[in-house]
Amino acid sequence: MKLTDKEKTLVQHLLDNNDGSDVHAFEFMDMKELGFKLNEAKGVFGSIVDKGLLEHDPEGSRDRKASCGEDVELYQWTYPVDYEQHGNENYEIKTTAEYLTAFENKMTSEKIEKLEKENQ
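In this report, we go over the structure that sits alongside the text. (Residues numbered from 1 in each chain as written. Predicted model: local features only at pLDDT ≥ 70, side-chain atom pairs only at ≥ 80, totals over all residues. Heavy atoms only, no water.)

Moving on, we get to the packing of aromatic side chains. Enumeration over the complete set of coordinates arrives at five aromatic pairs. The interplanar angle of 70 degrees and the centroid separation of 5.6 Å between the aromatic rings of F26 and F45 together place this pair among those described as edge-to-face. Taken as a pair, F26 in the loop between β1 (23-25) and α2 (31-34) and F45 in helix α3 (residues 38-50) lie far apart in primary sequence, 19 residues in all. We classify F45 as buried; its relative accessible area is 5%. (Phe/Tyr/Trp six-rings, centres within 6.5 Å; stacked < 30°, edge-to-face > 60°. Helix = DSSP H or I, 4+ residues; strand = E, 2+ residues; numbered from the N terminus. Buried < 20%, exposed > 50% of the residue type's maximum accessible area, 1.4 Å probe, protein only.)

So this is what it looks like as C-alpha cells:
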C-alpha cells in the first residue's frame, strides 16, 4: 500500500501517541504538532480511514458519549498495535513501515498469539 507523505506523517503521529486501547479520535489530534491545517488534517485522516488503516468504533464512540458526555467519533487500528490489544510482548509496532507490514500480513490478535507460541 502506498501512502502520501502526509498520510505517513499522520500514521506515525498516531502510533507515537497510541495507548493501550489502540483508539484515536480526530478531535484529539494536535494540529500544530502535525503541521496540518484543519481541513487538510480532516482529509488525511479520512484518507487513512478509507484505506482501511483505521476502523470506525461506533460502540466506543457511544460509550465515550455516555461516560464523558463527549460526542466524538472513535477509530481503532484495524490490526492491533499495543501489547494490551495483542498480548505478545515480543511484537511491537512503532513505525509506519511496521504497521503497513502488519496490515499487509493481516496480523490479527490470533496471528500474533500464534507467532508468540511458535517463538517459545
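Further notes follow.
What follows is about the side chain of S47. With respect to the helices and strands, S47 occurs in helix α3. Looking at S47, the relative accessible area reads 19%, which means it is buried.

The quantities given are spatial measurements derived from coordinates; they are silent on function.
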